[in-house]
Amino acid sequence: MIRILTDSTCDLLPAEAARLGVEVVHMQVRFEDGEVFRDGLDMTPDEFYARLVKCDKLPTTSQPSPQDFMDRFEEAKAAGDEVVAILISGQLSGTYQSARIAADSCEYDKIHLVDSMNATLGEQLLVRLAVQMRGEGASAAEIVEELERRRMDVRLVAVVDDLKYFRKGGRLTGAQALAGSLLGMKPVVAVRDGKVGLAGKARGMPGAYVALFKLMDSEGGLDEAMPYMIGYTAHRKAAEPIHRYLTQNLGLEAPLCRHIGTAIGTHAGPGAAGVAFFAKNTEQDLAL
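Residues numbered from 1 in each chain as written. Predicted model: local features only at pLDDT ≥ 70, side-chain atom pairs only at ≥ 80, totals over all residues. Heavy atoms only, no water.

Caption draft 1: Structural detail: the nonpolar core. With 37 residues, the main nonpolar core has Ile-4, Val-22, Val-84, Ile-86, Ile-143, Leu-147 and Phe-278 as its most contacted residues. Elements with a minimum of two residues in this core: strand S1 (2-7), helix H1 (14-20), strand S2 (22-25), strand S6 (82-87), helix H5 (120-135), helix H6 (140-150), strand S8 (154-159) and strand S13 (273-278). Counting residues per element, this core draws most heavily on H5, which supplies 8 residues. The contacts of Val-22, once residues within four sequence positions are left out, are Ile-4, Thr-6, Leu-12, Ala-17, Val-127 and Val-131. (Core = buried A, V, L, I, M, F, W, Y, C linked by side-chain atoms within 4.5 Å. Buried < 20%, exposed > 50% of the residue type's maximum accessible area, 1.4 Å probe, protein only. Helix = DSSP H or I, 4+ residues; strand = E, 2+ residues; numbered from the N terminus. Contact = heavy atoms within 4.5 Å.)

This is the structure:
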């Protein structure tokens, strides 16, 4: 049996994880008052974003401990199962390192770790691909090989409504955020090579959506043969322009639409929306 394991930053709903047969190791979210919640379990996304807007300091996330992974790995070892663990980018979190420590300590050669080089919906696309391949009878080695081959094709791009969360997170100075706000500039952000960065900007949200669509094209376009998803941080309506673009302009089937959780949402803030997809042509690099 092949066990597929991931972390909570992939934003897979608990009911979906159970249906897909995916085990989830949860991060912890700590707010400025010291209160700690398990990511994806103790607080709904709506509750998280309602609280986020009231924070002077951004909440922080704590990676799962090696022991959190060790418990899962020991269970698999006792059952003689293989494990394929698909985890948030090592550039964004120490989660992969915790899993590596646990795997080395477990001394079981049927544990396979995959750095997704992504987060949230981009990471989830790889999890869903692994589930699909397992259902088709692929071996753990075949799944890992395909994930490692395709992970650099995954794109996650999003528009951001309010720059203050980037300022709070240290990604913009106060002066940069103020200047951008006064000019009505809205950033477009992307995950590439495992890191989050600014990929463009435009005046106003309508302009930001157009910039996002152009960015998708410059990346070689969406591979219609592979899964794709759209997401939002607090307000579902923020994802509607992306939904219309995919279904009306590109003529694609309606995508899955999910909350973007704490990994990216803390810095993007409420009102952000994005799309995760596999690029058709990956020869062109995205300038961050």
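What follows picks up the thread again.
Caption draft 2: Quick peek at helix H9 (residues 204-218). The first and last C-alpha atoms of H9 sit 21 Å apart over 15 residues, in line with the 21 Å expected at 1.5 Å per residue. When we look at burial in H9, the residues that qualify are Gly-204, Met-205, Ala-208, Tyr-209, Leu-212, Phe-213, Leu-215 and Met-216. At its buried positions, H9 is contacted by S8, strand S9 (185-192), strand S10 (195-203), helix H10 (240-249) and S13. (Expected span 1.5 Å × (residues − 1).)

Caption draft 3: Expanded view of the pairing of S1. A large share of S1 lies buried, amounting to 6 of its 6 residues. The alternating pattern of S1 places Ile-2, Ile-4 and Thr-6 and Arg-3, Leu-5 and Asp-7 on opposite faces, both of which are buried. In the sheet, S1 pairs with S6 via 5 bridges, with the strands oriented parallel. Within S6, the residue paired with Leu-5 across the bridge is Ala-85. Pairing of S1 with S2, which is carried by 4 bridges, proceeds in the parallel orientation. Each bridged residue has a counterpart across the sheet, and for Ile-4 the counterpart in S2 is Val-22. Between the parallel pair S1 and S2, the chain is carried across by H1, and the sense of this crossover is right-handed. (Pairing = 2+ DSSP bridges. Right-handed = clockwise from strand over helix to strand, strands pointing away.)

Any functional reading would require information beyond the geometric quantities listed.
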